[in-house]
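# What the coordinates show
Each chain is listed here by its residues.
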Amino acid sequence: MSLVDDQVQRLDAILDRIQLARAAPPEAGAETEEREQQTQGEGGNENGAITAASSADSTHAAKLKTLIRALSTTASPRRLLRATRLREAIAQIPQSGDASASSINDEHELEWLAIGKAAIQVYGLILNVLLDQTIPLNDSIWYWDDVLGSYAYTGLYILQVSPQKFWHSAKEVYADAKRRYRQNNLIRESAQEAGQTLSEGWREFYGLVQQSIEDRSLAHARTRILSPFALCRTEARHKQENVKKLREQSATAIGLLVEEGLTIQEDDPDSHKSWKNNVSKSIWLLEGITTHAQSVKSTWNEFEYDVIDMVDRGPTDQEPSQLVNRLLHILDVHIPEQERQSERMTKEFGKPSRWIRYWAPGLLLFLSSGTLLRIFVNRRAEIVTWVRELGATTIDFWYNWVIEPTKRLIGTIRHDENSELAVMSKDSLRSDRESLERMVIDFAVQNPENGTPYTESQVAELRSRVRQGDLTAVLKAYEKDIQSPARSAIFGNLVRALLIQVQKTKVDVEIAMNGIDSILKSQELLFGFVGLAPGMVVAILAFRWLSSTFGRRRGIQQMQQQGGSVRLLRNIDRTLSKATITQDGMLSYKDNGLLLCDVHVLRQTAIKLIPGKMHRDFIEDLNDLLQTRQGVERQLKVLQRIQWAYSKWLR
């Protein structure tokens, strides 16, 4: 909910509690029933008249209750009704007609309750209008600050408004030439001269246009001694001062509305009587604020005096019908007129419209659009090919360097046999060692060392030594045969011993490779991540680049919101520090209005910056900040609490 919704809901709840507090006790209802029973037994005609009157009373009261429910803030999710719907509801408030004496007081109270809720709705509508008119004025002030802050912005502003100034000058020259042409025609008619032909008339009009331009140039040369930059800065400074006046007047209106409008106190002993006078006075205040249209010719002090004087002179004992007419008059006349006046003043002194500010880039884009379109048409096939190849390259990269390494990594985690890293096959070392064992055993059995055959136990022992890598039986025979290598190579076992040693070398190499394979398997998950890392790094960088490119606007908006929140906190601090303090130690209406505007914007900005639970605490602190009756010093302390408690999200 916004600040206005909270304010309207609070006032509506106070009005409901006042009505509940003055409700009649149950005994009164019993006495009323007894009185009705006595009345029913008095006679036919009288009984019929009373029945008709009661029926009319019940219809009138039911209509009032329906309107009261429609005007309540709980009638719809929208706390405030639209202006058209509100106008229809107020116009339907019925007035007390022929009613019985027993119900006229109740219906009169219902009428006042309906008017009170209607006044609350109009109050919220006007407060929303004033906030919507005041808050954009800060942008205009900052815009003129930029124009006055550097000559570059001043030159840009001169370029932006040059077509508009040229158009106004052309209209003035045309109007002046037209006026002179008509005067010449009147002179000729009075002298009864012959009429001119069409070509002569155009020739004369063209000469008058040239003469008007020369006169304006001479007049400007005499009066305008300053340079175009100085004239532009003077104009910008004048408009900025007027915008500040408009903002101060709007802020004064908001402060008056919040401080003096609908100040209903439910703890007042006479609240059931005083709230009606307060509603009547508040309606006069609403009319006074919307009647005194904004003008740069008056200051905010004069505006405040005029509104308060009008409220003080207004009657407070008006009938409900008169108040209904005033509310309708406010909705039909004063609010639209005030909006038109504010729009006219903002258009005259605020920052230029977007058409004026961006006509130069738009014109440049329009003039270059033909060339850009021709380039796209001539290179259409190449552009399509580039796009297609870019898409294919992106898909292949994603599949080969991200998807496949990810699948292998998942298989490694799940100990999938197809994804295991290996330098050699699993059964290669086992088969080679068994072959070496058979070769050594056969060689030793066929060539015993002392000519004595090996027993079974000796063969088993030899087999055990071979498994441990001991080839003594083969090496001894190799040492003997190497003494006569030629004869041993032909008639001996030298070649066989060499081949057995080659097999032994192969087994040793495979054992070393098996060790490397074990190391690879122990680091298999690491290698999986290493293989996936390049593709993931490139994918993440590309994603971040795309998100920063296409999501830059969102990031810029968030940075602007955070920067705007800091600026709002600075404005609030400045408003409280430099505020005009009244005799009661409170803010003036103008400063209170400026504070409300900044708090309203800060509250809307915080919705996107502060998380849910902290946001509720933030709203509570903002409500404490708006408690102007507690004094400026306490408001400054609340502001300090907001600055340090929510600096994580607001800065």
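Since the structure is predicted, the reported quantities are computational estimates derived from the model, not experimental observations.

### Structural notes on the overall build of the protein chain
- From N to C terminus, the protein chain includes 25 helices and zero strands.
- Counting over 651 residues, the protein chain shows a buried share of 35%.
- Counting contacts in the protein chain only where the partners sit at least 6 residues apart, residues at least 24 apart contribute 80% of the total.
- Of the roughly 40300 Å² of accessible surface on the protein chain, a fraction of 56% belongs to carbon and sulfur atoms.

### Topic: the packing of aromatic side chains
- Counted under the stated rule, the structure contains four aromatic pairs.
- Taken together, a centroid distance of 5.1 Å and an interplanar angle of 70° make the contact between Y143 and W144 edge-to-face.
- A relative accessible area of 0% places W144 in the buried class.
- Here W144 and Y157 contribute two aromatic rings whose centre-to-centre distance is 5.4 Å and whose plane-to-plane angle is 80°, an arrangement assigned as edge-to-face. Residue W144 is found in helix α5 (residues 104-149), and its partner Y157 is found in helix α6 (residues 151-190); the two are separated by 13 residues along the sequence. Y157 shares its class with W144; the two are buried.
- Members of the aromatic cluster, joined through ring pairs, are Y143, W144 and Y157.

### With respect to unusual backbone geometry
- Unlike most non-glycine residues, L262 shows phi in positive territory, near 55°.
- Along the chain, L262 turns up in the loop between α8 (228-260) and α9 (271-291).
- The exposure class of L262 is buried, given its relative accessible area of 3%.

### Focus: a positive patch on the surface
- On the surface, K244, R567, R570, R574 and K578 cluster together into a patch of positive charge.
- Within the secondary structure, R574 sits in helix α21 (residues 552-577).

### Observations regarding a nonpolar patch on the surface
- Together, L365, L372, I375 and F376 give the surface a local cluster of nonpolar side chains, amounting to about 400 Å² of exposed area.
- Positionally, F376 belongs in helix α13 (residues 359-378).
- A relative accessible area of 51% places F376 in the exposed class.

### With respect to the packing of α8 against helix α22 (residues 589-606)
- In the contact formed by α8 and α22, the axes pass within 6 Å of each other and the chain directions differ by 95°. One way to sum up the angle between α8 and α22 is to call them roughly perpendicular. Packed against α8, whose contacting residues are R247, E248, A251, T252, I254, G255, L256, V258, E259 and E260, the element α22 presents Y589, K590, N592, G593, L594, L596 and C597 at the interface.
- By residue class, the composition of the contact of α8 with α22 is eight nonpolar, four polar and five charged.

### Comments concerning the environment of E404
- Take E404: it is sitting in helix α14 (residues 380-413).
- Overall, E404 belongs to the partly exposed group, its relative accessible area being 22%.
- Distance from E404 to L532, taken between C-alpha atoms, is 8.6 Å for residues 128 residues apart in sequence.

### Considering the pattern of salt bridges
- Across all of its chains, the model carries 19 salt bridges by this definition.
- When the shortest N-O distance is used, the salt bridge between R603 and D6 registers 2.2 Å. Highlighted residues: R603 in helix α22 and D6 in helix α1 (residues 3-21), separated in sequence by 597 residues. The same class applies to R603 as to D6, namely buried.
- Salt bridges linked by common partners bring D12, D16 and K117 together as one network.

### Looking at helix α24 (residues 632-645)
- Compared with an ideal rise of 1.5 Å per residue, which puts 14 residues at 20 Å, α24 spans 20 Å between its outermost C-alpha atoms and is within 8% of the ideal.
- For α24, the set of buried residues is V632, Q635, V638, L639 and I642. On an axial view of α24, the arc spanned by its buried residues comes to 115°, and they lie on one face. Seen from the open side of α24, the exposed residues pointing more than 90 degrees away from its buried face are E633, K637 and W644.

### Details of the packing of helix α15 (residues 428-446) against helix α17 (residues 472-481)
- α17 packs onto α15 with a crossing angle of 55° between their chain directions and a minimal axis gap of 9 Å. One finds that α15 runs oblique with respect to α17. Every pair of crossing elements has a handedness; the one defined by α15 and α17 is left-handed. For the pair formed by α15 and α17, the contact residues are V440, F443 and A444 on the first element and A473, V474 and A477 on the second.
- The residue makeup of the contact of α15 with α17, split by class, is six nonpolar, no polar and no charged.

### Re the nonpolar core
- Counting 84 residues, the largest nonpolar core has I90, V122, F618 and L625 as the members making the most contacts within it.
- The element that contributes the greatest number of residues to this core is α5, accounting for 16 residues.
- Residues contacting V122, with those up to four places away along its chain left out, are L86, I90, L286, L327, I330 and L331.

### Comments concerning helix α16 (residues 456-467)
- End to end, α16 covers 17 Å across 12 residues, agreeing with the expected 16 Å (1.5 Å per residue, within 8%).
- Listed in full, the buried residues belonging to α16 are V459, L462 and V466. Within α16, the buried residues cover an arc of 60° as seen down the axis, which keeps them to one side. Opposite its buried face, α16 presents the exposed residues S457 and R467, each directed more than 90 degrees away.
- Turning to α16, the residues buried within the fold contact α15 and α17.

The rules behind each value
- Residues numbered from 1 in each chain as written.
- Predicted model: local features only at pLDDT ≥ 70, side-chain atom pairs only at ≥ 80, totals over all residues.
- Heavy atoms only, no water.
- Helix = DSSP H or I, 4+ residues; strand = E, 2+ residues; numbered from the N terminus.
- Buried < 20%, exposed > 50% of the residue type's maximum accessible area, 1.4 Å probe, protein only.
- Contact = heavy atoms within 4.5 Å.
- Areas by Shrake-Rupley, 256 points an atom, 1.4 Å probe, with all protein chains shown as cover.
- Phe/Tyr/Trp six-rings, centres within 6.5 Å; stacked < 30°, edge-to-face > 60°.
- Patch = residues over 30% accessible without salt bridge, like charges linked within 9 Å, V, L, I, M, F, W, Y side chains within 5 Å.
- Salt bridge = Lys/Arg side-chain N within 4 Å of Asp/Glu carboxyl O.
- Lys, Arg positive; Asp, Glu negative; His and termini not counted.
- Charge placed at Lys NZ, Arg CZ, Asp CG, Glu CD.
- Axes fitted to C-alpha atoms, helices over the stretch in contact; angles between N-to-C directions.
- Parallel < 35°, antiparallel > 145°, perpendicular 65-115°, else oblique.
- Nonpolar A, V, L, I, M, F, W, Y, C, P; charged D, E, K, R; others polar.
- Expected span 1.5 Å × (residues − 1).
- Arc of directions from axis to C-beta.
- Left-handed = near helix turned anticlockwise from the far one by under 90°.
- Core = buried A, V, L, I, M, F, W, Y, C linked by side-chain atoms within 4.5 Å.

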